[in-house]
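One letter stands for each residue in the lines below.
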Amino acid sequence: MAGTAHRNTGVEGVEGGVGRTALLVAAARAIETHRHDSLAQDIYAEHFVLAAPASAGWPVRVQQVADGDANPLWGRFARYFGLRTRVLDDFLLRSVRAGGARQVVLLGAGLDTRAFRLDWPSGCVIFEIDREGVLAFKHKVLGGLSAAPKAARVPIPRDLRADWAGALTDSGFDPAAPSVWLAEGLLFYLPSAAETCLIDTIDRLSTARSALAYEVKLEKDLRAYRDSPLYTSTKHQIGIDLLDLFVGEPRPDSAADLADKGWSTSVHTPFDFTRRLGRGPLPEDNDALAGNRWVFANKPR
Ligand SMILES: C[S@@+](CC[C@H](N)C(=O)[O-])C[C@H]1O[C@@H](n2cnc3c(N)ncnc32)[C@H](O)[C@@H]1O
């Protein structure tokens, strides 16, 4: 496979390419759900893992892993995804409750089941954008479970490297009303130009009192830690080469860009939240998580 474009589009669903990372996060959420000190609950996650041939043999409980929490992938990395899920659950609920927004846009939604899991205020609409094959798989699994969303849910099959704003507004998104946006585990799979365009689009479609959270990796991190146990175990245990899927171009400074556009921003490491919540991964040597940053932004009144 040569070239980032091919890497990202080669397989449309969850069976390969970047789509399979959605299954990885689902497996991590399944494991997190069944921990005695769980940070987040997702009762749907294990159903995705078991339904896809690519992941049917993966663990959905840490007890199914021979070395349990000592396993870099299903122990520490899975816990990272559990922490991220919890922190971003809290962000979304806080934003809609305090800020009054009733439109939530999940960019690269993957197998995120927040529309089904969280207690949304009445009148909320959750827009989920991902590639068609991923959303079709999600629809099939959730349909088989007769899962009922707790808010209006609008899946929008689109490639986020192309124009997606028209599809969002055509689906009922109102740029004149406040909105909450999330890009969780997405931006490092997009070319830099697509990230810049995505941030511009969010800004253009966001009125005052809108909020945004997203995850990035510091640019140096995309070159460093290449033999971090998190990357090597993910590659060797389940055949997902994250370093190959990341787009290793110079990255834009989207937090600075948003600040220039008038948003107030705060940037955190995941470890900040581990300390705050009392559980989750802490720094290690040669750590693939060292460069991860979670950015929170608000567009003032
Ligand atoms: C690591 S998963 C994260 C999924 C979800 N946000 C979560 O945290 O569970 C990355 C997701 O980004 C989606 N994605 C990557 N590149 C994309 C693109 N160009 N257009 C739309 N979705 C994309 C993948 O299909 C996948 O579902």
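We now turn to the structure provided with this report. Note that the structure is predicted; figures quoted are calculated from it, not measured.

Within the protein chain, the regular secondary structure consists of 12 helices and 7 strands. By its C-alpha atoms, the protein chain is 50 × 45 × 40 Å across when sized along the principal axes. Counting every position in the protein chain, which comprises 301 residues, the buried fraction comes to 45%. Expressed as a percentage of contacts within the protein chain between residues at least 6 apart in sequence, the contacts between residues at least 24 apart total 74%.

Turning our attention to the packing of helix α4 (residues 72–99) against helix α9 (residues 229–238). Here α4 crosses α9 at 130 degrees, and the two axes come no closer than 9 Å. By the angle between their axes, α4 is oblique relative to α9. As α4 runs across α9, the sense of the crossing is left-handed. Residues P72, L73, R76 and F77 of α4 touch α9, and the partners they reach there are P229, L230, S233, T234 and Q237.

Moving on, we come to the site of the ligand. Taken together, the neighbourhood of the ligand is formed by 22 residues, with T21, G108, G110, L160 and G185 sitting nearest. Ranked by residue count, the leading element in the shell around the ligand is helix α2 (residues 20–33), at 3 residues. Taken together, the residues of the shell around the ligand sort by class into 10 nonpolar, 6 polar and 6 charged.

About the cut-offs
Residues numbered from 1 in each chain as written. Predicted model: local features only at pLDDT ≥ 70, side-chain atom pairs only at ≥ 80, totals over all residues. Helix = DSSP H or I, 4+ residues; strand = E, 2+ residues; numbered from the N terminus. Buried ≥ 20, exposed ≤ 12 C-beta atoms within 10 Å, placed from the backbone. Contact = placed C-beta atoms within 7 Å. Axes fitted to C-alpha atoms, helices over the stretch in contact; angles between N-to-C directions. Parallel < 35°, antiparallel > 145°, perpendicular 65-115°, else oblique. Left-handed = near helix turned anticlockwise from the far one by under 90°. Near = placed C-beta within 6 Å. Nonpolar A, V, L, I, M, F, W, Y, C, P; charged D, E, K, R; others polar.

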